[in-house]
Amino acid sequence: MTDPMAEIRASFFIECDELLEAMQDGLQAIDEGSGDGETVNTVFRAVHSIKGGAGAFGLDALVGFAHRFETALDEVRSGRLTADGEVLRLFFTGSDILADLVRDSRDGLETDEARISPVRDALDRLVPAADAPGEADTDALDFQPLTLALDLGLDDGAEQQADTATWSIRFHPTRALFESGNEPLFLFRALRDLGALTVLCHDDEVPPLDAIEDPEAPHAWWAFELSTTEGEAAIRECFDFVEDLCQLEIRPLSEAPVIALPDPEALGAAPDAAPPGTAGREPPPEADPAPPPATATPEAGNPGPAAATPRATVRVDLERIDRLVNLVGEIVINQAMLSQSVEAAGIPPNSPVRAGLEEFLQLTRDIQESVMMIRAQPVKSLFQRMARIVREASATIGKEVRLRTEGENTEVDKTVIERLADPLTHMIRNAVDHGLESGEAREAQGKSRVGTVHLRAFHRSGRIVIEVADDGGGIDREKVLAKAIARGLIEPDSQLSDQEIDNLLFLPGFSTADEVSSLSGRGVGMDVVRNAIQALGGRISITSARGEGTSFSISLPLTLAVLDGMVVRVAGETIVVPLNAILETLALGPQDIRSLGPTTQVVRIRERFLPLFDLGAELGYRAPLDDYTGQIVLLIGQEDGASAAVVVDAIEDQRQVVIKGLHDSYGRVPRIAAATILGDGQIALILDPVDLVARADGRTRQPKPATDPKPLPENTGLTA
Amino acid sequence: MALRDQLRIIVVDDMSTSRGLITQALDSFGIRQVESARDGPEALAKIAAWPVHLVVSDMNMPGMNGLQLLHALRSGPATRTVGFLLITGKADRQLIEQGKQLGMNNFVPKPFQPPQLRAAIEAIVGRL
């Protein structure tokens, strides 16, 4: 069994995240002037709740900071302080530090005191010295606990009798009890030995004597009241041998309590209570011993104020969801296999089997979609983190920047959100650092001094799109071009379209900032961002207008569990190529192919020469062919914006496939992203096209003498 | 039967961590008949359906705070005499005085350790 405290602790940190989010929302609302009196209360309560929980777990650093923060917020709550300008900025910083403290406390790390103390001191300065947070008034509070006369059938005087309790026992014998020769009377005697016993036989259903056809059938049942110092176990012991032969109910029966428990009937909350008048033979009414109404709907007919309860939620271990996702994937595969065999069996399309299968298909899709929804989360938490990045970045480089967000409730797979944080952070920093001009430069152009970064999320044709746009100066294409030439990334006489120039930003190591700033750092460029997005099955594109700004658009699949793929055949093997990597497909004519040395060929496509890779040879399924005329090629988009041509034998199909990771069993497999199971039950590898091209040696012609085809995948023993 | 077996308590707190902590502490005292509610209105509704002996409530909650809940309880004929234990992060004189006026049975300042909670409950209902 898991330690309940560890569980509560874990749930505390999850709750902290929710509270921090609520606090961010509140501060944002105050900043935008859309808050009301309750807003500051919400912020205060969030800090207060974090402090309370942290105290219970002995997280002193967190408690200490939350206490100062809370005290400062209380000044606003009580109207002695207005939250605007500097004060509000301090609160934002405070919320960032609080978030750090929560995270560090969770991970058992020390938070950098040098970062905390200036903020803590600044918060202290907001509070007048008189009620500064020392240890609050320690003078004895004049309070005497009010005791309740809570006589629950206990006698406090005599220790011995203190534990006498009254029990209600209901005993319904079954036919088997009598058939096996048990005599209820003996059971009753055993009960009587435990204490004072009242027996009531319910014989209402005993038929008239001449109507009894089966004398061994049970017709009566008994109700007992037993006052005993023995516990429930002793009572159960009396029924030990007939346990399976009867229905037995043993419940504690409280004496009428002195404390006025409301009469359930008066509240209409006991619909199953006996109607008045039939009580004659019933045991005395009991104080309702029913278990807590965990699933009761308190709304139903209760006079209590209508509770505006938030939507009910359950927290579920992610592992369980992933198992479900996996199982649904199995169903999808199974379903496809079943469809194929039904078709192969020659069952006519209008048969009930096919119709049933069609419904099954629809249901499977619905289930798949619903399960994916479970993993989906709004991008809000991600956007809030970006708000912090903007605050910190703009403060570091002294630009005034405002972040506008839109579509915060757009939902994406949780893993996508997590893995988007780093690339998005980088893009936001870039926008603040490189995208936006300085305040003076903006004013000189007649723009508002305050720059704007716009972060937007929305759905478009089954994918999610996230846009990061700034209203800065736009991309200086001449400068980009010059830099690319200076770095030898492109030929000096290259003729590039605007879009091609913009895409140079994605080249490894490219940076347009004249000096490497402390913010964007060196070495991490847009190429890293692009790789991260592509690893998520996404695409990134860029648009820019001189003087008006730059916009990056990321398009992502809604889930990582399925993939749009092109099923191809090469050298007798079936391979799935992710559709998002394929720019174009075409058949090669003899005039398209050019030799470039003895073992290398290139293809000429629209006046450009692209390297030609033979998928069969690269994967080690065959030796390079002598002639590729008539072969199919897939144009694969590369990280540097260039493309490569990959030869396959045939394109079979285009379909959604369920991704089956190989990582757990085989580790990282070069050139291969994952595997899947096709409709006919065949296992197919899913290609990692970018890795394939990066590792390719480009040998597309049989060298002489011929060498052995290289083995692949490397020592995994995997073949499709 | 000990008192702890019969005592029915409802824990009212907007923070699920606190509800968990208090419930866990009560469980360690052997008190098993425990319900919980995330705010005052929910608590009142639940008490109406499942009467309790003692309400253990947080002070600072959205909508209806702990003392407002106490006031609502003391105004209801069925809940007028129910025990009320306030858990508060800010146990200042004014708050406690207010609680006293409303008939608060006892209070526990936050943060507390289980023995403090136990002592505060026993001060109201007697030995558990």
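The coordinates are above.
Computed from a predicted structure; not experimentally measured. (Residues numbered from 1 in each chain as written. Chains lettered and ligands numbered in written order. Predicted model: local features only at pLDDT ≥ 70, side-chain atom pairs only at ≥ 80, totals over all residues. Heavy atoms only, no water.)

## A word on the packing of helix α1 (residues 4–31) of chain A against helix α11 (residues 380–397) of chain A
Residues and elements named next belong to chain A.
1) Next: The geometry of α1 relative to α11 is characterised by a closest axis approach of 11 Å and an angle of 60° between their N-to-C directions. Classified by the angle their axes make, α1 and α11 are oblique. Crossing angle aside, the handedness with which α1 passes α11 is left-handed. Here α1 contributes E21, Q24 and D25 to the contact with α11, which in turn contributes K380, S381, Q384 and R391.
2) Next: For the contact of α1 with α11, the per-class residue count stands at no nonpolar, three polar and four charged. (Axes fitted to C-alpha atoms, helices over the stretch in contact; angles between N-to-C directions. Helix = DSSP H or I, 4+ residues; strand = E, 2+ residues; numbered from the N terminus. Parallel < 35°, antiparallel > 145°, perpendicular 65-115°, else oblique. Left-handed = near helix turned anticlockwise from the far one by under 90°. Contact = heavy atoms within 4.5 Å. Nonpolar A, V, L, I, M, F, W, Y, C, P; charged D, E, K, R; others polar.)

## Thoughts on the environment of H202(A)
Residues and elements named next belong to chain A.
1) Next: Position of H202 among the secondary structure elements: in strand β2 (residues 195–202).
2) Next: Residue H202 is classed as buried on the basis of its relative accessible area of 5%.
3) Next: Measuring from C-alpha to C-alpha, the distance between H202 and H172 comes to 9.8 Å, with 30 residues separating the pair along the chain. (Buried < 20%, exposed > 50% of the residue type's maximum accessible area, 1.4 Å probe, protein only.)

## Side note on helix α2 (residues 37–56) of chain A
Residues and elements named next belong to chain A.
1) Next: With 20 residues, α2 should reach 28 Å at 1.5 Å per residue; the first-to-last C-alpha distance of 29 Å fits that figure.
2) Next: Across the 20 residues of α2, 16 count as buried, placing the element largely inside the fold.
3) Next: Phi for G58, located one or two positions after α2, is positive at around 65°. (Expected span 1.5 Å × (residues − 1).)

## Quick notes on the pattern of salt bridges
1) Next: Taken as a whole and judged by the stated rule, the model has 44 salt bridges over all chains.
2) Next: Residue E437(A) is joined to R442(A) by a salt bridge in which the shortest nitrogen-to-oxygen separation is 3.0 Å.
3) Next: For E437(A), a relative accessible area of 12% corresponds to the buried category.
4) Next: K110(B) is paired through a salt bridge with D58(B); the nearest N and O atoms lie 3.2 Å apart. Residue K110(B) is located in the loop between β5 (106–109) and α6 (114–125), and its partner D58(B) is located in strand β3 (residues 54–58); the two are separated by 52 residues in the primary sequence. By the burial criterion, K110(B) is buried, and D58(B) matches it.
5) Next: What you see here is one network of salt bridges that share partners, running through D96(A), D100(A), R103(A), D104(A), R115(A), R388(A), R391(A) and E392(A). (Salt bridge = Lys/Arg side-chain N within 4 Å of Asp/Glu carboxyl O.)

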